[in-house]
Amino acid sequence: MDNLLVYIPLGVLGFIRWLSWLFRQIPATFYRPVVNDHRERMSVVTPVYQEDPVLFRAAVTSWLANDIEEVICVIDYTDTRSIEIARELGVRVIITDVPGKRDALRRGWEAASTPLVALVDSDTIWAPDVAVQACMPFADPQVGAVTTRQNVMNPHTPWQHLNDMYLDYRYYHELASQSVMGKAVSCLSGRTAIYRRPLLESISYEFMNESFWGVPCLSGDDKRLTMLTLENGYHAVLQRSASVWSQFPPGGRNFFKQRLRWARNTWRSDLRALSSPWLWKRKFLAYWMIDKAISSFTLLFSPAYLILSLVEHRYAIAGILGAWWMFSRSAKMLAHLERRPWHFFTMMPFFILVSFAMSLTKIFALLSIRKQRWLTRDVAISAKTKTVGRTGGMSDQPAMEPELVPVGAAVAAGAASTDSTGLVALPEREPAPDRESLPDRDQESVPDTDHESAADRNGEAPSDRNGESLSDHNGESVPDRAHESVPDRAHESVPDRAHESVPDTGELASVPDTGDLESMPDAEPASSATEHSR
């Protein structure tokens, strides 16, 4: 009997952790998407790097099928296939040789001409009403940014199904709860996040000059933008009635690489935020960050006790632990199991095992927090030189010369200039508005904070590729169009295509057919106001 007393701490810890989960889950049950007829003009900005050409074409087509003003593609000069596709589709193109995603995002939003800017990954497919739905929360002038519901695009492998489970948990539990309690989500995923353009312009410097322990930050751009939005007094909320889909790594190796990068970014971001006065005005978010950090360690107690029970030949206790894991994890994943009930048998045991492995991954991420490597792309930061560089794996296609494809009459008339990178720069904008000139925010003042530390992403970041090389397009070279102009579409009206479905490319089996409702996640109830025109 005395030996059984050693299991009491596990029971007490489990009880405390369940109370904590219920405290977070109860607000999530009250979440409802915003419904109104508010509309604002919107641009889509996407950084593109060695994207699958068929997937990229399908993604751009899905954005154009929405009611948006323009699509701006900031494309790495090595990605000649994507440059050709973007030009064929008639969208604006900026070609860059600067490694990393942050500079591409900044170039894109500075080129945008609309009040709202959607920052979107180049492999993300939109439902036909994303622009309509995502505009609705902006009726509140204190909302500075909005994120959408996201899922894995037609998952096939266990690792893709696993990511889909994590996403359902995130958007039905974490972000839903955070949106209700304080309107402050922990991260606006880069797969699709919509911001007020004046806000983006006002935080450009802090975004581009983030560092951690003296090393410039390479990844974690979504988390950084989210934290800067909240730090400046704005709300960041979930609009779950807007649905998008992205690709995820099919194999376990890149799954853990991706998760390791996200975990490092989370530690950097949350540790910095917890040391900043502004976060403690968002008490529920602060509680969430602390609870998440603690859970990385407490989760490992359970498998440790399982091993102990097996060593002591207490197989009944081992069986109770296994049954409890199945019940407790299934209860927490109920939103996902309602979509895919067969995953209770096919995925839940796998999900439980990976969740324990993820705790070890998070602890390792904390111990290696200073590393600034993308892991699934050929970009890294040197701790010695403090510079971003490429690590290899370049495309086998001939690279375009870095350039900015002329946009509009101002550039054609010679108003553009060459910047220090050798790229053609856009004509100067008016200075970014003072923060006081932005829409009304919280009345509480936000103390000035140190911007030297990193605020990185927490697990819902831009989707990574699987590390496999793209096809060589039969070795055909792409004609140089460096001097061709692209028509200025900034002021052209876009027909209302909110209800058109994405054409079936016939080549991309992994892109969901937006006309087939069975292949799409269940949508939140939409307002009849989605028919409202600008």
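Residues numbered from 1 in each chain as written. Predicted model: local features only at pLDDT ≥ 70, side-chain atom pairs only at ≥ 80, totals over all residues. Heavy atoms only, no water.

(A) Summary view of unusual backbone geometry. Residues other than glycine seldom take positive phi values, yet Gln50 does so here, at roughly 50°. In this structure, Gln50 sits in the loop between strand S1 (42-48) and helix H2 (53-64). Look at His313: it is not a glycine, yet its phi comes out positive at around 60°. Inspection of the secondary structure puts His313 in the loop between helix H12 (301-311) and helix H13 (315-332). (Helix = DSSP H or I, 4+ residues; strand = E, 2+ residues; numbered from the N terminus.)

(B) Up close: the pairing of strand S6 (residues 143-152). Most of S6 is tucked away: 10 of the 10 residues are buried. With 9 bridges connecting them, S6 and strand S10 (residues 235-246) associate as parallel partners. The residue of S10 that forms the bridge with Val152 is Ser246. As defined by bridge partners, S6 adjoins strand S7 (residues 192-196) across 3 bridges and the pair is classed as antiparallel. Within S7, the residue paired with Ala145 across the bridge is Tyr195. (Buried < 20%, exposed > 50% of the residue type's maximum accessible area, 1.4 Å probe, protein only. Pairing = 2+ DSSP bridges.)

(C) Representation of the packing of helix H6 (residues 158-180) against helix H16 (residues 348-367) within the structure. Contact pair H6 / H16: the axes reach a minimum separation of 11 Å and the direction vectors enclose 75°. Overall, the two elements H6 and H16 adopt an arrangement that is roughly perpendicular. For the pair formed by H6 and H16, the contact residues are Pro158, Trp159, Leu162, Met165 and Tyr166 on the first element and Met348, Phe350, Phe351, Val354, Ser355 and Met358 on the second. For the contact of H6 with H16, the per-class residue count stands at 10 nonpolar, 1 polar and no charged. (Axes fitted to C-alpha atoms, helices over the stretch in contact; angles between N-to-C directions. Parallel < 35°, antiparallel > 145°, perpendicular 65-115°, else oblique. Contact = heavy atoms within 4.5 Å. Nonpolar A, V, L, I, M, F, W, Y, C, P; charged D, E, K, R; others polar.)

The quantities given are spatial measurements derived from coordinates; they are silent on function.
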